[in-house]
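Structural overview
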Amino acid sequence: MVKLWTAEQVAKKVMNEERMFILDVRNNDAFEDWKIEGKNITHLNVPYFELLDGINDIKEQLPENEEVLVVCAKEGSSKMVAEMLDEEGYTAYYLQGGMKSWSEHLEKVKVHEDENMKVYQFIRVGKGCLSYMVVSDGEALIVDPSRFIEKYEAAAKEENATITHIVDSHLHADHISGGKMLAEKTGASYYLMKSEGAIYDFLPLEDYQKIEFKNVSLEVLAVKTPGHTPGSVSFFVNQKLLFSGDTIFVSGLGRPDLGNKVREWAKDLYDTVYSKVSEIADDVVVLPGHYGDLDEEKSVHGYVGDLLGNIRKENEKMFHTTKEDFLDQVEKSASSVKPPNFEEIVAINRGHQSVDLEQMVELEIGPNRCAVHHTDE
Amino acid sequence: MKSDHVVDAKGLACPMPIVRAKKAINDIESGQVLEIHATDKGSKADIAAWAKSAGHEMLASTEENEVFKFWIKKA
């Protein structure tokens, strides 16, 4: 009987850097565009429609004594191919829900715990997006929630906490924010920069220097340039953790892509890095909004993040340079690559457009291009 | 467009549209045209890729009221 692995099981294997042999049976374009990535994964891409007469042609390329995970877009084809492998004596699994489920899975990892707060990171392994939960004394604050709001509700419930605050570090262009949905569902206060152009009700971050609840204080680090998009805010939590949004990544600084105001964006980034971040200690943990390469950016503790001191050291050039040089560097790194469907996703996140669940899935599915925000170092 | 055989794969999920199409194309002569109707969104890219990989010629494709139609000339 052919067996399945859930996206969660596969994500655990990716996180643990386990060996995996993946037979991806989607068409070549889809595979080239986007696949399950991991340090010790071997891929074979043969579209399912080339296997309808059997798997004889690919037997030589399959490992004999190893489990084979068959993957397709939604599940159907991978199940068919896994059954064929099974009949031929292979140990085959198919990915439940296919790449759609892979795109949606959130992996929860504990980042920090002290007497005042507990902090969890939610890694959207299939897309490279990160969100967070800060729990303190029965209350929870969510940072950059994805649209899978039930995951945060369940996580809060596990901690016997109520979600009372939600913040978005910026208006996302690569995924649909769950901020508004989660706020409506829970009644929590929802904060977003007014300059990002959203048209529904929220609390403008421009009006807050700090967000405080229970034993937690979130300092809002933002360069407030009215009418400027994209604007990314960082949150400095209890002088210990920095939710850096799109400003600082483990691999370096953010880079402008959307908005076409490269120089202005670079100036804001410079001011943030040199007037705000420069005052933050080396032993503060930076927790970004995205990552590019999980294996490279994952810490030994299993979450995506690093000490600010290490990031400074690795990116000497950017953290210790003249303003002119900094602006030139950032400008040079500007990218013309946009996340898939970014215009519609931005319109939805601003509240200009509303779509049904199926459309959300279609808009979000696809490659991890969150990494295009990173500077090339 | 004129066709020699029609496969109705509406409502069927992947991989069934191509399984049906492949079966049907085996039963027609080289040079004859197979018409396929499908509603699975993935079939749009997959049927084009399948026809190409099998050497058949995609003569035309349309999308109307969420129904995809393809005309494929057998190699």
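Keep in mind that this is a model prediction, so the values were computed, not measured.

Another point: the pairing of strand 16 (residues 241–245) of chain A. All names here are of chain A. Counting buried positions along strand 16 gives five out of five residues, so the element sits mostly inside the fold. Burial along strand 16 is two-sided: the face carrying Leu241, Phe243 and Gly245 and the face carrying Leu242 and Ser244 are both buried. Two strands pair when backbone bridges link them, and strand 15 (residues 234–237) and strand 16 are joined in this way by three bridges, in the antiparallel orientation. Across the sheet, Phe235 pairs through a bridge with Phe243, a residue of strand 16. In this antiparallel pair of consecutive strands, strand 15 and strand 16, the connection spans three residues, and Asn238 shows a positive phi of 45 degrees. Sheet analysis places strand 16 next to strand 19 (residues 285–288), joined by four bridges and oriented parallel. Across the sheet, residue Phe243 finds its bridge partner in strand 19, namely Leu287.

Attention now goes to the UniProt feature "domain: Rhodanese" (unreviewed entry) in chain A. Under the present numbering, the feature "domain: Rhodanese" (unreviewed entry) in UniProt falls on residues 16–110 of chain A. This span, residues 16–110 of chain A, is 26% helix and 23% strand, and a straight line between its end C-alpha atoms measures 15 Å.

Looking now at helix 12 (residues 342–350) of chain A. Residues spaced three or four apart along an α-helix point in a common direction, a consequence of the helix completing one turn every 3.6 residues. Buried within helix 12 of chain A we find Phe342, Ile345, Val346, Ala347, Ile348 and Asn349 of chain A. Just downstream of helix 12 of chain A, Gly351 of chain A is the residue with a positive phi angle, here 90 degrees.

Moving on, we get to the sheet that holds strand 1 (residues 5–9) of chain B. Residues and elements named next belong to chain B. With respect to topology, four strands assemble into an open sheet ordered 1-2-4-3, the strand pairing being mixed. Two strands lie at the open edges of the sheet, namely strand 1 and strand 3 (57–64), each paired on one side alone. Each neighbouring strand pair of the sheet contributes to a mean axis angle of 15 degrees, computed without reference to strand direction. Examined bridge by bridge, strand 3 and strand 4 (residues 67–73) share seven bridges and lie antiparallel to one another.

All right, on to the packing of helix 5 (residues 149–158) of chain A against helix 6 (residues 179–186) of chain A then. Residues and elements named next belong to chain A. Packing of helix 5 against helix 6 brings their axes to within 10 Å, and their N-to-C directions diverge by 50 degrees. Relative to helix 6, helix 5 is oriented oblique. For the pair helix 5 and helix 6, the crossing hand works out as right-handed. Within the contact between the two elements, helix 5 uses Ile149, Tyr152 and Glu153 and helix 6 uses Met181, Leu182, Lys185 and Thr186. A breakdown of the residues in the contact of helix 5 with helix 6 according to their chemical character gives four nonpolar, one polar and two charged.

Right, let's get into the interface of chain A and chain B. Taken together, the twelve residues of chain A in the interface contact twelve residues of chain B. Interface of chain A and chain B: buried area, both sides summed, is about 1,000 Å²; carbon and sulfur atoms make up 60% of it. When the buried surface of chain A facing chain B is broken down by residue, Tyr48, Phe49 and Leu52 of chain A rank first, second and third, together holding 46% of it. Remark: the boundary between chain A and chain B carries three salt bridges.

A few words on the sheet that holds strand 8 (residues 129–136) of chain A. Residues and elements named next belong to chain A. Across the sheet, seven strands lie side by side as 6-7-8-9-10-11-12; this open sheet has mixed pairing. Either end of the sheet is taken by a strand with one partner, and the two such strands are strand 6 (107–113) and strand 12 (203–204). Both strand 8 and strand 9 (residues 139–143) contribute to a ladder of five bridges, which runs antiparallel. In the sheet register, Ser136 faces strand 9, and the bridge partner there is Glu139. Taken strand by strand, helix 5 contacts strand 6, strand 7 (118–124), strand 8, strand 9 and strand 10 (162–167), and its axis lies near 30 degrees from that of strand 8.

Conventions we followed
- Residues numbered from 1 in each chain as written.
- Chains lettered and ligands numbered in written order.
- Predicted model: local features only at pLDDT ≥ 70, side-chain atom pairs only at ≥ 80, totals over all residues.
- Heavy atoms only, no water.
- Buried < 20%, exposed > 50% of the residue type's maximum accessible area, 1.4 Å probe, protein only.
- Helix = DSSP H or I, 4+ residues; strand = E, 2+ residues; numbered from the N terminus.
- Pairing = 2+ DSSP bridges.
- UniProt positions renumbered as here; feature names shortened; annotations may be inferred.
- Axes fitted to C-alpha atoms, helices over the stretch in contact; angles between N-to-C directions.
- Parallel < 35°, antiparallel > 145°, perpendicular 65-115°, else oblique.
- Left-handed = near helix turned anticlockwise from the far one by under 90°.
- Contact = heavy atoms within 4.5 Å.
- Nonpolar A, V, L, I, M, F, W, Y, C, P; charged D, E, K, R; others polar.
- Buried area = accessible area lost by both parts, 1.4 Å probe.
- Salt bridge = Lys/Arg side-chain N within 4 Å of Asp/Glu carboxyl O.

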